[in-house]
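Topology and contacts: notes
Here is what each chain is made of, one letter per residue.
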Amino acid sequence: AQSVTQPDIHITVSEGASLELRCNYSYGATPYLFWYVQSPGQGLQLLLKYFSGDTLVQGIKGFEAEFKRSQSSFNLRKPSVHWSDAAEYFCAVGPFSGGYNKLIFGAGTRLAVHP
Amino acid sequence: DTAVSQTPKYLVTQMGNDKSIKCEQNLGHDTMYWYKQDSKKFLKIMFSYNNKELIINETVPNRFSPKSPDKAHLNLHINSLELGDSAVYFCASSQPLPGTGYNSPLHFGNGTRLTVT
């Protein structure tokens, strides 16, 4: 069955520290992978996506993610975290049903940033 | 300028009532979706419409009925509300990527927090 696992429910980092959020997926073919961020009371905003090509993708707000097929992973990274990065982060895999976006989401990782 | 807008933002109602949530997108997208986010933050797709045609219909109680009067609008009507319907409901839209057979990433609205008492 297709699934997305985000092993870390809650992560706390200090401002200025580096960050890595883990995402593992289970999918039978080449996945289409996404990271979304959700601030409190807000909708989900796309950070970055991987469709094909270079396995290291750059996103908005200084985030990047690396697709590793051998590990079925798509971890999100940021070299220096800002207090405004505190939010909920969702990894999603896109099995497209008839060409449409039937995304499967992970349970999310809540990021807290200490000053 | 809001790309995907939902109303209302908050909805508090009693069990047994019927309520609707409205969604509009001004992105010119052909495809719209309803996702449900439960209390544990799990997001799961409910429905999807493409050009007013239902294309994805997950295992959702038939008390939930989506309606798309035009491709810019997708409303969600819920009959006989139950406590378990309490959640945040997100509307989203996307657009086919020419020549690929796939859609663009989802653009989400800010959600409607439904509380059933």
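Quick summary incoming for the structure in this document. (Residues numbered from 1 in each chain as written. Chains lettered and ligands numbered in written order. Predicted model: local features only at pLDDT ≥ 70, side-chain atom pairs only at ≥ 80, totals over all residues. Heavy atoms only, no water.)

**What to know about the overall build of chain A**
The condition that has to hold: Secondary structure elements are defined from DSSP: runs of H or I of at least 4 residues count as helices, runs of E of at least 2 residues count as strands, and each element is numbered from the N terminus. Between the two quantities, the radius of gyration covers C-alpha atoms and the globule rule is 2.2 Å times the number of residues to the power 0.38. We call two residues contacting when some pair of their heavy atoms lies within 4.5 Å. Note on areas: Shrake-Rupley with a 1.4 Å probe; residue coverage comes only from the protein chains shown. When charges are counted, neither His nor the chain ends are considered; positive counts come from Lys and Arg and negative counts from Asp and Glu. Lysine's charge is taken at NZ, arginine's at CZ, aspartate's at CG and glutamate's at CD.
A count of helical and extended segments in chain A gives zero helices and 14 strands. Secondary structure elements in chain A, listed N-terminal to C-terminal, are β-β-β-β-β-β-β-β-β-β-β-β-β-β. For a compact globule of 115 residues, the expected C-alpha radius of gyration is about 13 Å, and chain A comes in at 14 Å, within 12% of that figure. Once the C-alpha set of chain A is aligned to its principal axes, its extents read approximately 45 × 30 × 25 Å. Excluding contacts between residues fewer than 6 apart, the proportion of contacts in chain A whose partners are at least 24 apart in sequence is 54%. Carbon and sulfur atoms make up 49% of the accessible area of chain A, which totals about 5300 Å². When the 9 positive and 8 negative side-chain charges of chain A are each reduced to one mean point, those points stand 7 Å apart.

**Observations regarding the nonpolar core**
Note that soluble globular proteins tend to have their nonpolar side chains buried in a common cluster. Our working rule: Here, nonpolar core means buried Ala, Val, Leu, Ile, Met, Phe, Trp, Tyr and Cys residues that are tied together by side-chain atoms lying within 4.5 Å of each other. Throughout, exposure labels follow a simple rule: accessible area from a 1.4 Å probe, protein chains only, divided by the maximum for the residue type, with under 20% read as buried, over 50% as exposed, and the rest as partly exposed.
Within the largest apolar cluster, 26 residues are counted, with the highest numbers of intra-cluster contacts made by Leu19, Trp35, Leu47, Leu48, Phe74, Leu76 and Tyr89 of chain A. At four residues, the largest contribution of residues to this core is made by strand 10 (residues 87-93) of chain A. In contact with Leu19 of chain A, not counting residues within four places along its chain, are Ile11, Val13, Phe63, Leu76, Arg77, Lys78, Val81 and Leu111 of chain A. In terms of nonpolar packing, the next biggest core, distinct from the first, is built from 19 residues, Phe47, Ile78, Cys91 and Val116 of chain B among them.

**Describing the interface of chain B and chain A**
The condition that has to hold: Buried area: the accessible surface (1.4 Å probe) lost by two parts on joining, summed over both. Criterion for a salt bridge: a side-chain nitrogen of Lys or Arg within 4 Å of a carboxyl oxygen of Asp or Glu. Here a polar contact is recorded for every N or O atom pair within 3.5 Å, except that within protein the pair must consist of a potential hydrogen donor and a potential acceptor, and residues adjacent in sequence are included only if both atoms are side-chain atoms.
Counting residues at the interface gives 26 residues for chain B and 24 residues for chain A. Carbon and sulfur atoms supply 60% of the area that chain B and chain A bury against each other, a total of about 2000 Å² over both sides. Looking at the side of chain B facing chain A, the largest losses of area belong to Lys41, Tyr102 and Pro105 of chain B, adding up to 25% of the total buried there. In this assembly, chain B and chain A are joined by zero salt bridges. Along the contact surface separating chain B from chain A lie five residue pairs in polar contact (both at pLDDT 80 or more). Every element with two or more residues in the side of chain B that touches chain A is listed here: strand 4 (31-37), strand 5 (43-50), strand 6 (53-57), strand 9 (87-94) and strand 11 (102-103) of chain B.

**Brief notes about the pattern of salt bridges**
If the charged atoms of two oppositely charged side chains come close together, the side chains can form a pair. Residues and elements named next belong to chain A. Counted according to the given criterion, the structure contains eight salt bridges over all chains. One salt bridge connects Glu88 with Arg110, and the closest N-O pair in it is separated by 3.1 Å. Of this pair, Glu88 sits in strand 10 while Arg110 is found in strand 14 (residues 109-114), placing the two residues 22 residues apart along the sequence. Classification of Glu88 as buried rests on a relative accessible area of 7%. For Arg110, a relative accessible area of 41% translates into the label partly exposed.

**Points about the state of the cysteines**
Residues and elements named next belong to chain A. Basically, it comes down to this: Cysteine sulfur atoms that come within 2.5 Å of each other are treated as a disulfide pair.
Applying the stated criterion to the full structure yields two disulfides over all chains. One disulfide in the model links Cys23 with Cys91; its S-S distance is 2.0 Å. Its torsion about the S-S bond being -65 degrees, the disulfide of Cys23 and Cys91 is classed as left-handed. In this pair, Cys23 sits in the loop between strand 3 (19-21) and strand 4 (24-26) while Cys91 sits in strand 10, placing the two residues 68 residues apart along the sequence. Taking the relative accessible area as the measure of exposure, Cys23 reaches 0% and is therefore buried.

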